[in-house]
Amino acid sequence: MSRIYILIMTVVTGAVLFSCREDIALTAPGIVLDSESGIYTVKAGRTITIAPSYTNAEGAEFSWTLESGEELSGAPVLEFMREESGRYYIVLTVTNDGGSASVQLRIDVLELTPPTISLPGAEDGFVILQGTSLELRPTVASSLETSYAWSVDGSKVSTEPVYTFVGDETGDYILRLETVNEDGSDAVQFTVSVKSPEEVDFFWSFSQTEYNMSLGRRIQLRIQDVRNAFDAVYTWYVDGSQVQTGERTDYVFTGSEEGQYEVRVVMENAYLTASQTLVVNVCPPEGTYRRPGSSASGASVNKVYEFLPAPGQFVNEYYTAVTMEEACRYAEGRMAQTQYVSLGGFGGYIVAGFDHSVENDGDYNIAITGNAFDGSSEPGIVWVMQDENGDGLPNDTWYELKGSEYGKAETDRDYAVTYYRPEAPSMSVTWTDNRGNTGTVEYLGAFHRQEYYYPAWVEEDSYTLRGTCLKARNYDASGNGTYWVNPAYDWGYADNFSSIDRLTDDDNYNASPADNHFRISDAVTFDGRPAGLAYIDFVKVQVGVNASSGWLGEISTEIFDIKDFNLSK
């Protein structure tokens, strides 16, 4: 049933029944529930007592019956318990010699909601340097009042939600967090290893190990996420010849001749040596693999190569994808019907390509459809790529399209966020960034109730998205969280209410699909120089802000289409 009602029926067996001793009328009983609505709630596995008030019930018989017909009790008071959550409808009937009365009531048996702890990194343990500290800030999903208890090697150290461990002495320490609410408890136990510099493992990463570039161009080979390098010296070799040494963690490679080159970087510090080999393919010059358009060319992209959103409220909603291939086909189908594809929180992206090369005529060449309107901009950074090696895949060099915020001090061009899989359904997604910050992509169960906002086709328990991050501009205009505003940026971003590159004065009040326009001429190299691309083959759009707007959720770029604007001129 979708609604509850109380029905009282009185059946009088005789209009007037006379006692053999007195002229007294017998009256049917009456029932007054101890809940005005007739709706009761109880947690699974717990007992609820329902004790109505009765009138004229002396000598009456009582019957509590489930809708299924199961008899529950013949007593005036019902003790009810179910292990399974659900909605149970019960009819109470009271009968005496004067008649009977019935009432229907509902008992909602709710699932228990014990606290659930999410602490990224705990499963592998933490390693810190002697003399440093580690702030532990878990996410605990609990709708009830919850207590916290931290212990180190069995000794209680804190009852606060956040605990900072200080590594004064080297060694391995067992930390444990226990949380308790009225529905249950949860605990997480992990190791913190405090080590001296010579004991700490060195770490670095590379976004790729093979690069493709056109003859005559320059690319940056860069080490990422360096940890515990201390006094490291990095030495770079090209085909065995040393080309650079020192503290720099990047090397600029110039493709002066076609061919394949082996680049090797060696890190040495006082404690260890590490190395990594990269391959650079210098391809034929620009234009070799150009694909001129024709009358048969499609204006819109014809293939999605990658679709990897950050966690967000629209991720996994109304679609099922368990592989990247399935996710790409989902995005292709949506955009073919000019329906939005949500890229989630910061760093979420989509990569798509055309059936021809999009020419650079110096003016606007690309149109990207979003749904920005006045007060609601969710900017996406746009990147472009040529098919430099001619294999038809977006595995060459990405060039960022410079927008109005490019080069500003508050724009972070090397920002990375790591997202962690939630421990249980309906939990917010925890994140950390490469600037030492932590936060969550909030679960908005009132609006988007899919179990997980973490992409179902990501097999790992965490993944990192990296790109350019703009300074957030969103604010609460109401002061009480009811009215959030996401102001526009001047120009150069997808899903942005720009007065410059939207090429229209329409305020788009209804949030209809609307285009921002982009120039290939705005493409820049890794060091901000004009890339000078004559055409492009692939486009990447990536969420450019890490922020949320209260009940509206995370700032998330939405894309409806990516088009060759030259074909519309």
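Novice: Can you lay out the overall build of the protein for me, pointing to particular residues and giving the numbers?
Specialist: A tally of helices and strands in the protein yields 1 helix and 45 strands. Relative to the globule expectation of 25 Å for 569 residues, the C-alpha radius of gyration of the protein, 33 Å, shows a markedly less compact shape. Principal-axis analysis of the C-alpha atoms gives the protein an extent of 120 × 70 × 40 Å. By residue count, 48% of the 569 residues in the protein fall in the buried class. Pairs at least 24 residues apart make up 69% of the contacts formed inside the protein by residues separated by at least 6 positions. Of the roughly 27000 Å² that the protein leaves accessible, carbon and sulfur atoms contribute 47%. In the protein, which carries 37 positive and 84 negative side-chain charges, the distance between the mean positions of the two groups comes to 5 Å.

Novice: I'd like a rundown of unusual backbone geometry, residues and numbers included.
Specialist: A positive phi angle, near 55°, is found at Asp495, a position not held by glycine. Relative to the assigned elements, Asp495 resides in the loop between strand E40 (484–485) and strand E41 (514–518). Backbone geometry at Ala511 places phi at a positive 55°, although glycine is not the residue there. As for its placement among the helices and strands, Ala511 is situated in the loop between E40 and E41. A relative accessible area of 26% places Ala511 in the partly exposed class.

Novice: Lay out the sheet that holds strand E45 (residues 561–564) in plain terms, naming residues and giving numbers.
Specialist: Ordered in space as E41-E32-E45, the 3 strands form an open sheet in which the pairing is antiparallel. Looking along the sheet, the strands with just one partner apiece sit at the ends: E41 and E45. Direction aside, the axes of adjacent strands within the sheet are offset by 25° on average. Bridge analysis of strand E32 (residues 366–370) against E41 gives 5 bridges, and the strand direction is antiparallel. Looking across to E41, one finds that Gly370 is bridged to Ala514.

Novice: A description of the pairing of strand E24 (residues 233–238) should follow, citing residues and the corresponding values.
Specialist: Across 6 bridges, E24 lies against strand E27 (residues 259–268) in antiparallel orientation. Across the sheet, the residue bridging to Thr235 is Val266, located in E27. Pairing geometry for E24 and strand E25 (residues 241–246), over 5 bridges, is antiparallel. From the neighbouring strand, Val238 faces E25, where its bridge partner is Ser241. Hairpin connection between E24 and E25: a loop of 2 residues separates the two successive antiparallel strands, and Asp239 in this loop has a positive phi of roughly 50°.

Novice: Requested: an account of the pattern of salt bridges, with residues and values cited.
Specialist: Pairs can form between side chains of opposite charge whenever their charged atoms are close. Taken as a whole and assessed by the stated rule, the structure comprises 27 salt bridges. The partner of Arg82 in a salt bridge is Glu70, with the nearest N and O atoms 3.6 Å apart. In this pair, Arg82 sits in the loop between strand E8 (78–81) and strand E9 (86–96) while Glu70 sits in the loop between strand E6 (61–66) and strand E7 (71–73), placing the two residues 12 residues apart along the sequence. For Arg82, a relative accessible area of 22% gives the class partly exposed. Counted as one network, the salt bridges with shared partners bring together Arg222, Asp225, Asp414 and Arg466.

Novice: Now, about the environment of Asp250: what can you tell me, with residues and values included?
Specialist: As for its placement among the helices and strands, Asp250 is situated in strand E26 (residues 250–254). What makes Asp250 buried here is its relative accessible area of 12%. When the C-alpha atoms of Asp250 and Tyr289 are compared, they prove to be 29 Å apart, with 39 residues separating the residues in sequence. Among all residues touching Asp250, those that are not within four sequence positions of it are Gln220, Leu221, Arg222, Trp236 and Gln244. Among the polar contacts listed, one links the side chain of Asp250 to the side chain of Arg248, at a separation of 2.8 Å.

Novice: Which residues make up a nonpolar patch on the surface, and what are the values?
Specialist: Nonpolar side chains collect at one region of the surface, where Phe447, Trp551 and Leu552 lie side by side and expose about 300 Å² of accessible area between them. We classify Leu552 as partly exposed; its relative accessible area is 34%.

Novice: Break down the packing of aromatic side chains for me, citing the residues and quoting the values.
Specialist: Tallying each qualifying case throughout the model produces 23 aromatic pairs. Between Tyr305 and Phe538, the ring centres sit 5.5 Å apart and the planes meet at 90°, which makes this aromatic pair edge-to-face. Of the two residues, Tyr305 sits in strand E29 (residues 303–308) while Phe538 sits in strand E43 (residues 535–543), which places them 233 residues apart along the sequence. Per residue, the accessibility class of Tyr305 equals that of Phe538, and both read buried. An aromatic cluster is built from Phe307, Tyr319, Tyr330 and Trp457, whose rings are joined through pairwise contacts. The positively charged end of Lys303 is found above the aromatic ring belonging to Tyr305, 5.5 Å away from the centroid. If you follow Lys540 out to its NZ or CZ, it ends over the ring of Trp383, 5.3 Å from the centre.

Novice: Could you give me a rundown of the nonpolar core, with the residues and numbers involved?
Specialist: It is characteristic of soluble globular proteins that their nonpolar side chains tend to be buried jointly. In terms of nonpolar packing, the biggest core is built from 57 residues, with Phe307, Ile366, Ile368, Tyr419, Val539 and Ile562 touching the most fellow members. Of the residues forming this core, the biggest block, 6 residues, is contributed by strand E31 (residues 349–359). Setting aside residues up to four positions removed in sequence, Ile368 forms contacts with Val382, Ala494, Ala514, Asp515, Asn516, Phe518, Val539, Val541, Ile559, Asp561 and Ile562.

What counts, and at which threshold
- Residues numbered from 1 in each chain as written.
- Predicted model: local features only at pLDDT ≥ 70, side-chain atom pairs only at ≥ 80, totals over all residues.
- Heavy atoms only, no water.
- Helix = DSSP H or I, 4+ residues; strand = E, 2+ residues; numbered from the N terminus.
- Rg over C-alpha atoms; globule rule 2.2 N^0.38 Å.
- Buried < 20%, exposed > 50% of the residue type's maximum accessible area, 1.4 Å probe, protein only.
- Contact = heavy atoms within 4.5 Å.
- Areas by Shrake-Rupley, 256 points an atom, 1.4 Å probe, with all protein chains shown as cover.
- Lys, Arg positive; Asp, Glu negative; His and termini not counted.
- Charge placed at Lys NZ, Arg CZ, Asp CG, Glu CD.
- Pairing = 2+ DSSP bridges.
- Axes fitted to C-alpha atoms, helices over the stretch in contact; angles between N-to-C directions.
- Salt bridge = Lys/Arg side-chain N within 4 Å of Asp/Glu carboxyl O.
- Polar contact = N/O pair within 3.5 Å; in protein donor to acceptor, adjacent residues only side chain to side chain.
- Patch = residues over 30% accessible without salt bridge, like charges linked within 9 Å, V, L, I, M, F, W, Y side chains within 5 Å.
- Phe/Tyr/Trp six-rings, centres within 6.5 Å; stacked < 30°, edge-to-face > 60°.
- Lys NZ or Arg CZ within 6 Å of the ring centre and 35° of its normal.
- Core = buried A, V, L, I, M, F, W, Y, C linked by side-chain atoms within 4.5 Å.

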